[in-house]
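# Secondary and tertiary structure notes
Below are the chains, spelled out letter by letter.
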Amino acid sequence: MLNWDNIFATRSTRMRASEIRELLKLLERPDIISFAGGIPDPALFPDAAFKEAYNEIFSSTAVNAALQYSVSEGYKPLREWLVGEMAKLGVPCELENVFIVSGSQQGLDYLGKLFLSPNDTALVTAPTYLGALQAFNAYEPTYDQLTPNGNRTPEAYRATAEQAGGRVKFAYLSADFANPTGETIDLASREKLIDLADELDIAIIEDAAYQSLRYDGEGIPPILALEIARKGNINDTRTIYCGSFSKTLAPGLRVGFIVGNAPVIRKLVLMKQAADLHSSTINQIAIEHVARRGFDEQVAKVRKTYSHRRDCMLAALAKYMPEGTSWTKPEGGMFVWITLPKGMDGAKLLARSLETAKVAFVPGQAFFADGSGPNTFRVSFSCANDQMIDEGISRLGKLIASEIAAL
Ligand SMILES: Cc1ncc(COP(=O)(O)O)c(C=O)c1O
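A quick note: this is a predicted structure, and the numbers were derived from the prediction, not measured. (Residues numbered from 1 in each chain as written. Predicted model: local features only at pLDDT ≥ 70, side-chain atom pairs only at ≥ 80, totals over all residues. Heavy atoms only, no water.)

### A short note on the site of the ligand
- Close to the ligand lie 13 residues; Asp207, Tyr210, Ser244, Ser246 and Lys247 are nearest.
- One nitrogen or oxygen atom from the main chain of Gln105 is found 2.9 Å from an oxygen atom belonging to the ligand.
- At 2.9 Å from an oxygen atom of the ligand is found a side-chain nitrogen or oxygen belonging to Asn179.
- In isolation the ligand has 400 Å² of accessible area, and contact with the protein removes 91% of it. (Near = heavy atom within 4 Å. Polar contact = N/O pair within 3.5 Å; in protein donor to acceptor, adjacent residues only side chain to side chain. Areas by Shrake-Rupley, 256 points an atom, 1.4 Å probe, with all protein chains shown as cover.)

This is the structure in structure tokens:
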């Protein structure tokens with residue numbers, strides 16, 4: 001009798017479809033107001049610029065190269081453009097420090113593969129990006145909670161990792177406008193994190209997927225920039241910066257990038273050769289065309305729209321959320337994180353909300369490596385207009401008020 005469980009590798013036991021994702025698949029229904037998806041608004045895609053880029057590629061002799069295999073490091077002009085962009089962020093680097101991936105999600109998978117042996121420890125914030133947990137899970141790590149500004153000593157982290165049968169390998173975090181909380185790590189905490197990583201001798205994986213989407217407040221240098229400022233050269237740093245074009249240009253082309261020290265980049269290139277040879281040649285060329293001609297204008301357009309939606313979301317939460325709830329006040333990104341009174345359950349609330357209030361969101365528990373945080377949930381404002389936000393949060397506020405009253 002065929003029993004796949006005898007044949008699958010042990011790592012596959014940690015790959016499970018989440019119930020929530022299954023539930024959220026039902027959200028195509030037109031009567032539901034959804035704040036669940038964390039995706040960019042397609043109305044903001046620079047589709048005309050992409051059309052022009054592909055037309056140009058197809059009407060020149062370059063089309064042959066665009067349709068051909070290419071190098072695993074990525075399309076050189078795109079990497080050159082990224083060298084210039086990184087310099088603006090305080091990250092002086094060379095071509096050898098920039099590597100193109102098929103979306104930053106692939107970068108997270110590669111970094112998990114590169115660093116984690118079974119039972120090694122990955123430090124992650126609580127909550128953290130669910131996709132990072134999914135990427136790392138395949139490499140059978142244990143997790144410990146990263147508190148960038150916290151008071152855990154390196155010895156404490158080390159002892160917990162040894163107990164789990166491995167060592168701490170990296171700290172993963174989004175420093176700017178994290179998914180799911182929308183929160184930003186302050187400058188002092190970034191510096192402390194570098195101290196911690198130096199003391200533990202581990203890597204820092206800086207997920208910068210939302211880095212360009214700041215709507216107000218002062219920009220804070222990336223952790224990689226702060227580390228280069230201390231150590232003088234990117235090749236002496238331990239921070240690996242994962243960037244993405246998904247939130248600024250378009251996710252469908254699957255183009256992201258990793259910037260970091262040359263020895264790590266060289267290993268990642270070998271990994272890519274084994275995994276998929278290289279990212280889509282033609283899509284990298286198209287991204288380079290569009291980015292070089294109008295990246296800043298595109299980012300300004302995206303920021304303007306999302307900033308307004310963030311304002312609407314925060315105004316609606318202030319107006320309709322009952323006593324006992326609290327929420328983050330993000331300065332950028334796509335998300336607000338809501339905390340309910342203790343004893344409430346975001347997953348149960350979602351089930352009831354889909355039935356009565358007809359509003360969708362993502363319950364928070366899945367974002368915690370240890371499965372805690374039942375009384376939390378994430379809302380995204382990226383694809384909702386003013387009226388949807390006001391109406392949806394009003395309905396949700398009423399439902400939550402009645403649930404609190406029944407506690
Ligand atoms: C924090 C974070 N990192 C990485 C990704 C992956 O993005 P991509 O693979 O499209 O670059 C996402 C996507 O939602 C994200 O929210």
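Further notes follow.
### Quick look at the packing of aromatic side chains
- Summed over all chains, the structure comprises 12 aromatic pairs.
- Aromatic side chains Phe136 and Tyr172 sit 5.5 Å apart centroid to centroid with 80° between the ring planes, which places their arrangement in the edge-to-face category. In this pair, Phe136 sits in helix H7 (residues 130–137) while Tyr172 sits in strand S5 (residues 168–173), placing the two residues 36 residues apart along the sequence. With respect to class, Phe136 is no different from Tyr172; both count as buried.
- Each residue in the set Trp81, Phe245, Phe257 and Phe295 is aromatic and connected to the rest through ring pairs, giving one cluster.
- If you follow Arg152 out to its NZ or CZ, it ends over the ring of Tyr157, 4.2 Å from the centre. (Phe/Tyr/Trp six-rings, centres within 6.5 Å; stacked < 30°, edge-to-face > 60°. Helix = DSSP H or I, 4+ residues; strand = E, 2+ residues; numbered from the N terminus. Buried < 20%, exposed > 50% of the residue type's maximum accessible area, 1.4 Å probe, protein only. Lys NZ or Arg CZ within 6 Å of the ring centre and 35° of its normal.)

### Brief notes about helix H10 (residues 223–231)
- Among the residues of H10, those classed as buried are Ile223, Leu224, Ala225, Leu226, Glu227 and Ile228.
- The inward-facing, buried residues of H10 abut S5, helix H9 (187–200), strand S6 (203–207), strand S7 (239–244) and strand S8 (256–259). (Contact = heavy atoms within 4.5 Å.)

### Regarding the pairing of S6
- Most of S6 sits inside the fold, with 5 of its 5 residues counted as buried.
- Inspection of the sheet shows S5 paired to S6 by 4 bridges, in the parallel sense. Looking across to S6, one finds that Tyr172 is bridged to Ile205.
- For the crossover from S5 across H9 to S6, the handedness is right-handed.
- Sheet topology places S6 next to S7; 4 bridges connect them, and they run parallel. Looking at S7, one finds that Asp207 is bridged to Cys242. (Pairing = 2+ DSSP bridges. Right-handed = clockwise from strand over helix to strand, strands pointing away.)

### Thoughts on the domain arrangement of the protein chain
- Each assigned domain of the protein chain is listed here: domain 1 (10–46 + 297–405) and domain 2 (47–294).
- For domain 1 and domain 2, the distance between their C-alpha centroids amounts to 26 Å.
- Taken together, the 32 residues of domain 1 in the interface contact 39 residues of domain 2.
- Carbon and sulfur atoms supply 59% of the area buried between domain 1 and domain 2, which totals about 3,100 Å² over both sides.
- Broken down residue by residue, the surface that domain 1 buries against domain 2 is led by Arg14, Pro46 and Glu331, which jointly contribute 22%.
- The interface formed by domain 1 and domain 2 holds 2 salt bridges in total.
- Taking the shortest distance from any N to any O, the salt bridge between Arg214 and Glu331 comes out at 2.7 Å.
- Where domain 1 touches domain 2, the interface holds 21 residue pairs in polar contact (both at pLDDT 80 or more). (Domains from an automatic or database assignment. Buried area = accessible area lost by both parts, 1.4 Å probe. Salt bridge = Lys/Arg side-chain N within 4 Å of Asp/Glu carboxyl O.)

### Thoughts on the pairing of strand S10 (residues 335–339)
- The buried count for S10 comes to 4 of 5 residues, which makes it a mostly enclosed element.
- Where strand S9 (residues 326–327) lies against S10, 2 bridges are found, and the strand directions are antiparallel. When the bridges of S10 are listed, Ser326 appears paired with Thr339.
- Sheet topology note: the S10/strand S13 (residues 376–380) ladder contains 5 bridges and is antiparallel. Residue pairing for S13: Ile338 is matched across the bridge by Phe377.

### Digging into the state of the cysteines
- A complete count under the given rule lists 0 disulfides for this structure.
- The structure places no disulfide on Cys242, whose sulfur is separated from the nearest cysteine sulfur, that of Cys93, by 14 Å.
- Among the residues examined, Cys242 registers a relative accessible area of 1% and is labelled buried. (Disulfide = S-S within 2.5 Å.)

### Concerning the sheet that holds strand S2 (residues 98–101)
- As summarised here, the arrangement of the 7 strands in space is S2-S8-S7-S6-S5-S3-S4, forming an open sheet in which the pairing is mixed. Pairing within the sheet leaves two strands with one partner each, and these edge strands are S2 and strand S4 (142–145). Geometrically, the sheet is characterised by an average inter-axis angle of 25° between neighbouring strands, direction not taken into account.
- In this fold helix H5 (residues 76–88) packs onto S2, S7 and S8, with an angle of close to 120° to the strand it touches most, S2.
- In the packing of helix H8 (residues 154–163) onto the sheet, the strands contacted are strand S3 (121–124), S4 and S5, and the crossing angle to S4 comes to about 160°. (Axes fitted to C-alpha atoms, helices over the stretch in contact; angles between N-to-C directions.)

### Points about the pattern of salt bridges
- Overall, the coordinates contain 22 salt bridges when judged by the stated rule.
- Arg152 serves as the salt-bridge partner of Asp144, at 2.8 Å between the closest nitrogen and oxygen.
- Overall, the relative accessible area of 13% leaves Asp144 in the buried class.
- According to the relative accessible area criterion, Arg152 is partly exposed, its value standing at 29%.
- Linking Arg230 and Glu191 is a salt bridge whose minimum nitrogen-to-oxygen distance equals 2.8 Å.

### Thoughts on the sheet that holds S9
- Read across the open sheet, the 4 strands follow the order S9-S10-S13-S12; overall the sheet is antiparallel. Each end of this open sheet is capped by a strand with a single partner; those strands are S9 and strand S12 (362–363).
- Against the sheet, helix H12 (residues 281–320) engages S9, S10 and S13, with an angle of about 20° to S10.

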